[in-house]
Amino acid sequence: TSTMTTSHLHEKINRMLNFNTSPLKNTAAEPVWKVLIYDRFGQDIISPLLAVKELRDMGITLHLLLHSDRDPIPDVPAIYFVMPTEENIDRICQDLRNQLYESYYLNFISAISRSKLEDIAGAALSANAVTQVTKVFDQYLNFITLEDDMFILCNQNKELISYHAINKPDIMDTEMEAIMDTIVDSLFCFFVTLGAVPIIRCPRGNAAEMVAVKLDKKLRENLRDARNSLFTGDNMGAGQFSFQRPLFVLADRNLDLATPLHHTWTYQALIHDVLDFHLNRVSMDESVGSEASPSGARPKKKNKKSYDLTAADKFWQKHKGSPFPEVAESVQEELDTYRAQEDEVKRLKSIMGLEGEDEGAISSISMSDNTAKLTSAVSSLPELLEKKRLIDLHTNVATAVLDHIKSRKLDVYFEYEEKLMSKSTLDKSLLDIISDPDAGTPEDKMRLFLIFYITALQPPSESDLDQYKKALLETGCDLSSLNYIKQWKAFTKIAATPSNYGNSGVKPMGQSVVNNYLVRKNRVFKVSFFQNLPVTRILDNLMEMKSNPETDDYRYFDPKMLRGSERSRLLFQAVVFVVGGGNYIEYQNLVDYTKAKPGKRVLYGCSELFNAGQFIKQLSSLGQK
């Protein structure tokens, strides 16, 4: 049985870009040239999966946004990958009338309604283009894969299904229905792509339960119509993915508001917390020239630089979940091994007559002088240069992260929050950190205080609270997020008990390490005893069938079974999905949990992925008086 991964999405996209047929086994055949037309949704789905180079290899010469000015290219087929919205359908009809392309392969990210299909048919008729509309496909791809084991629902219009949208006090039933339908549509697409009907578990009395009820119904309706079911033989598409049925655990963000606010210590989660990291791309300002500009001169212009952090990057794959000091050390080691090879690079460049050339010119070197020396240079130089590119990338990214750690004393925050969340003894007072002008931004202080407030067994007394509020206001904090958390805490029946938070499993080494940027070899980086965060703990209870008051009353849905049938079965594959938003800390905690369980496979998904800053903004707007 093949293991469950989100790479099925990759296969479906590859098929689609190959006119919905399997890519030929012998790749000697030249790909057919074609254009790809997508909307913002389609762009977000494809960009984390395929780089421009890979698109080119598949024969995609141009990729353009649907709503941009496009010139006719009458002798080329066009593959469309768009949502079936009114304005998208109108624009496609206009393309048909303007005879932009030779033929049209229309792929809808979500299922298209009957009436909209008729609109397209009408436009094709009136434009005399019926034969050119070659295929119309419902792709059921309305979700975004960020990792082999991680997906999010959307990036465009994510505020429509955000934590804020679900939890605003004056929400109307119709709005809530619409939010739930949007989430369920994407989850349905996800399971169609996975090719598996899940067994659904969820808590009672919150948004997660509403999603579970609707998803169960939608899956049942689809299975009832055996001829047209998307889960039976013929409709399963490219791969007959024959793994067992997954357990689908729906969790609600409200069961744990501390983790998304937590300062973190692992590489990927830190990048997401302190840099601009979005759909696997990190964007940074890089200042040109480090020398101080003479007084009175205009400061040097900053360049925007962006890097893709993808599965193809071996260093990233190995270290994205590692504690930061370990990453810093590994970057240094990579740099040292590269330096040892630098002379080799110079030698290879000189064999190829490329001393002063920029590295782009290397790929287009003339092959006339086909000596053995040249052949070896041609094969090993690009590899060495690629290695150098990745080292430079991670040096830049790690240095940018480090600047934040040092200037904001993030290790102090991380350590203190870990102690709060695991109920350990605290070595300094919270007030000291809040009123230290050198430790962190107002937002850092607010995050720390909210975690203290959420995890406290007894809320602070009114007089203590006033003292904290005064200190927070003095450092420039906005207290509206606290107003919301106070209401939330009053509403939630589950008071946070000591077992509710474990620490995330990594200990920082304190300031000296950070200042040295590189951990000295002889300092062992200690990892504290690994503990599960709430979402991981819930998964563990349900997957291992442990009895636990926290999950004993979770609802159970099996869309394949008639009511009340047998239900105990041990499942080895699971998908955990957080309604209301997720984060890389939770994702990493699940990854680490799964590593310790050979043979088990867990995927993590969330309605949106936010970092603490984005989450606090949502909490603040909910708490504005």
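Only a predicted model underlies this, so the values are computations on that prediction, with no experimental measurement involved.

Describe the overall build of the protein chain, naming the residues involved and giving the relevant values.
Check the secondary structure of the protein chain and you find 21 helices and 15 strands. In the protein chain, which comprises 625 residues, the share counted as buried stands at 51%. Pairs at least 24 apart in sequence give 79% of the contacts found in the protein chain among residues at least 6 apart. Put simply, the protein chain shows about 29200 Å² of open surface, and 52% of that area lies on carbon and sulfur atoms.

Report on the packing of helix H9 (residues 267–274) against helix H20 (residues 584–595), specifying residues and quantitative values.
Following both chains from N to C, one finds H9 and H20 inclined at 175°, their axes separated by 9 Å at the closest point. What the angle tells us is that H9 and H20 run roughly antiparallel. Along the contact surface, H9 presents Gln268, Ala269 and His272, while H20 presents Tyr584, Ile585, Tyr587 and Gln588. The residue makeup of the contact of H9 with H20, split by class, is four nonpolar, three polar and no charged.

Give a description of the packing of helix H19 (residues 534–543) against H20 that names residues and reports values.
Closest axis-to-axis distance for the H19/H20 pair is 9 Å, and the angle between their directions is 40°. Here H20 runs oblique to H19, going by the angle between their axes. When you trace H19 past H20, the crossing you get is right-handed. On H20, the residues touching Val535, Thr536, Leu539 and Asp540 of H19 are Glu586, Asn589, Leu590 and Tyr593. Split into classes, the residues belonging to the contact of H19 with H20 amount to four nonpolar, two polar and two charged.

Outline H19, supporting the account with residue identities and numerical values.
Burial of H19 is extensive: ten of the ten residues sit out of reach of the surface. Packed against the buried residues of H19 are strand E8 (199–202), strand E9 (247–252), strand E14 (573–579), H20 and strand E15 (601–606). Immediately beyond the C-terminal end of H19, within one or two residues, lies Met545, with a positive phi of roughly 55°.

Run through the pattern of salt bridges, naming residues and quoting values.
All told, the structure shown has 29 salt bridges when counted by the stated rule. For Asp308, the salt bridge is made with Arg281, and the minimal N-O distance between the two is 2.8 Å. In this pair, Asp308 sits in strand E12 (residues 302–308) while Arg281 sits in strand E11 (residues 281–287), placing the two residues 27 residues apart along the sequence. Linking Asp592 and Lys595 is a salt bridge whose minimum nitrogen-to-oxygen distance equals 3.8 Å. You can see Asp592 and its partner Lys595 sitting in helix H20, three residues apart, about one turn around the helix.

Summarise the side chain of Asn142; cite the residues concerned and give the values.
Its location among the elements puts Asn142 in the loop between strand E5 (133–138) and strand E6 (144–147). A distance of 3.4 Å separates a polar atom in the side chain of Asn142 from a polar atom in the side chain of Ser110. Apart from the residues within four sequence positions on either side, Asn142 is in contact with Met83, Ile109, Ser110, Leu153, Asp185, Ser186 and Cys189.

Let's hear about the sheet that holds E8: which residues, and what values?
Taking strand neighbours across the sheet as the criterion, the seven strands line up as E6-E7-E15-E14-E9-E8-E13 in an open arrangement whose pairing is mixed. The two strands at the open ends of the sheet, each matched to only one other strand, are E6 and strand E13 (555–557). Strand after strand, the sheet turns through a mean of 20° between neighbouring axes, direction not considered. Note that E9 and E14 share six bridges and pair parallel. Across the sheet, Leu247 pairs through a bridge with Ala574, a residue of E14. Against the sheet, H19 engages E8, E9, E14 and E15, with an angle of about 140° to E14.

Can you tell me about the environment of Phe557, naming the residues and giving the values?
Within the secondary structure, Phe557 is located in strand E13. Residues Phe557 and Leu215, spaced 342 residues apart in sequence, show a C-alpha to C-alpha distance of 9.6 Å.

Got a sec to walk through a negative patch on the surface? Specific residues and values, please.
A cluster of acidic side chains, namely Glu86, Glu87, Asp90 and Asp119, defines a negative patch on the protein surface. If you tally residues by element for the negative patch, the top one is helix H4 (residues 86–97), at three residues. Relative to the helices and strands, Glu87 is located in helix H4.

For helix H21 (residues 612–623), give the residues involved together with the corresponding values.
Each turn of an α-helix holds 3.6 residues, which means side chains three or four residues apart point in the same direction. End to end, H21 covers 16 Å across twelve residues, agreeing with the expected 16 Å (1.5 Å per residue, within 8%). Burial of H21 is extensive: nine of the twelve residues sit out of reach of the surface. Restricting attention to buried positions, one finds in H21 the residues Ala612, Gly613, Phe615, Ile616, Gln618, Leu619, Ser620, Leu622 and Gly623.

Explain the confidence of the model for the protein chain residue by residue, including any values.
Within the protein chain, residue pLDDT values average 84, and 83% of them lie at 70 or more. With pLDDT under 50 throughout, residues 364–370 is counted as low confidence; its partners more than four residues away or in other chains account for seven contacts.

Could you give an account of the environment of Asp438, with specific residues and numbers?
Within the secondary structure, Asp438 is located in the loop between helix H14 (430–435) and helix H15 (442–455). Distance from Asp438 to Arg408, taken between C-alpha atoms, is 7.1 Å for residues 30 residues apart in sequence. Setting aside residues no more than four positions away along its own chain, Asp438 makes contact with Ser407 and Lys409.

An account of the pairing of strand E3 (residues 73–82) is requested, with residue identities and associated values reported.
With seven of its ten residues buried, E3 lies for the most part within the structure. With four bridges joining them, strand E1 (residues 34–38) and E3 adopt parallel strand pairing. Residue Val35 lies in a different strand from E3, and its bridge partner there is Ala78. Pairing of E3 with strand E4 (residues 101–108) involves seven bridges; the strand directions are parallel. Within the sheet, the bridge partner assigned to Phe81 lies in E4 and is Asn107.

Reading the values: rules and limits
Position numbers for residues start from 1 in each chain and track the written sequence from start to end. Totals for whole chains, interfaces and linings use every residue, but because this is a predicted model, local features are given only for residues with pLDDT of at least 70 and side-chain atom pairs only at 80 or more, for both listing and counting. With hydrogens and water stripped out, all remaining heavy atoms of the structure feed into the side-chain values. Here a helix means four or more residues in a row that DSSP labels H or I, a strand means two or more in a row labelled E, and each is numbered from the N terminus. Each residue's exposure class comes from its accessible area (1.4 Å probe, protein chains only) as a fraction of the maximum for that residue type: buried when under 20%, exposed when over 50%, partly exposed otherwise. Contacts are assigned to residue pairs with any non-hydrogen atoms lying within 4.5 Å of each other. Each accessible area value is a Shrake-Rupley result obtained with a 1.4 Å probe; residue values ignore everything except the protein chains displayed when judging cover. Note on geometry: axes are lines fitted to C-alpha atoms, helical ones only across the stretch in contact, with angles between N-to-C directions running from 0 to 180 degrees. Roughly parallel here means an angle under 35 degrees, roughly antiparallel means over 145, roughly perpendicular means 65 to 115, and every remaining angle is called oblique. Gly counts as polar in this scheme, as do all residues outside two lists: the nonpolar Ala, Val, Leu, Ile, Met, Phe, Trp, Tyr, Cys and Pro, and the charged Asp, Glu, Lys and Arg. If you view the pair so one helix is near and one far, a crossing is left-handed when the near helix is turned anticlockwise from the far one by less than a right angle, and right-handed when it is turned clockwise. In the sections that follow, a salt bridge refers to a side-chain nitrogen of Lys or Arg positioned within 4 Å of a carboxyl oxygen of Asp or Glu. Within 3.5 Å is the distance limit for a polar contact, defined as a pair of N or O atoms, with the added protein rule that one can donate a hydrogen and the other accept it, and that residues adjacent in sequence qualify only through two side-chain atoms. Strands are labelled as partners when DSSP assigns at least two bridges between them. Patch building starts from residues that exceed 30% relative accessible area and form no salt bridge, then joins like charges within 9 Å and nonpolar side chains (Val, Leu, Ile, Met, Phe, Trp, Tyr) within 5 Å. Charged residues are defined here as Lys and Arg on the positive side and Asp and Glu on the negative side; His and the ends of the chain fall outside this count. Lysine's charge is taken at NZ, arginine's at CZ, aspartate's at CG and glutamate's at CD. Given the number of residues in a helix, its expected span is that number minus one, multiplied by 1.5 Å. Along the chain, pLDDT gives the predictor's confidence residue by residue, from 0 to 100.

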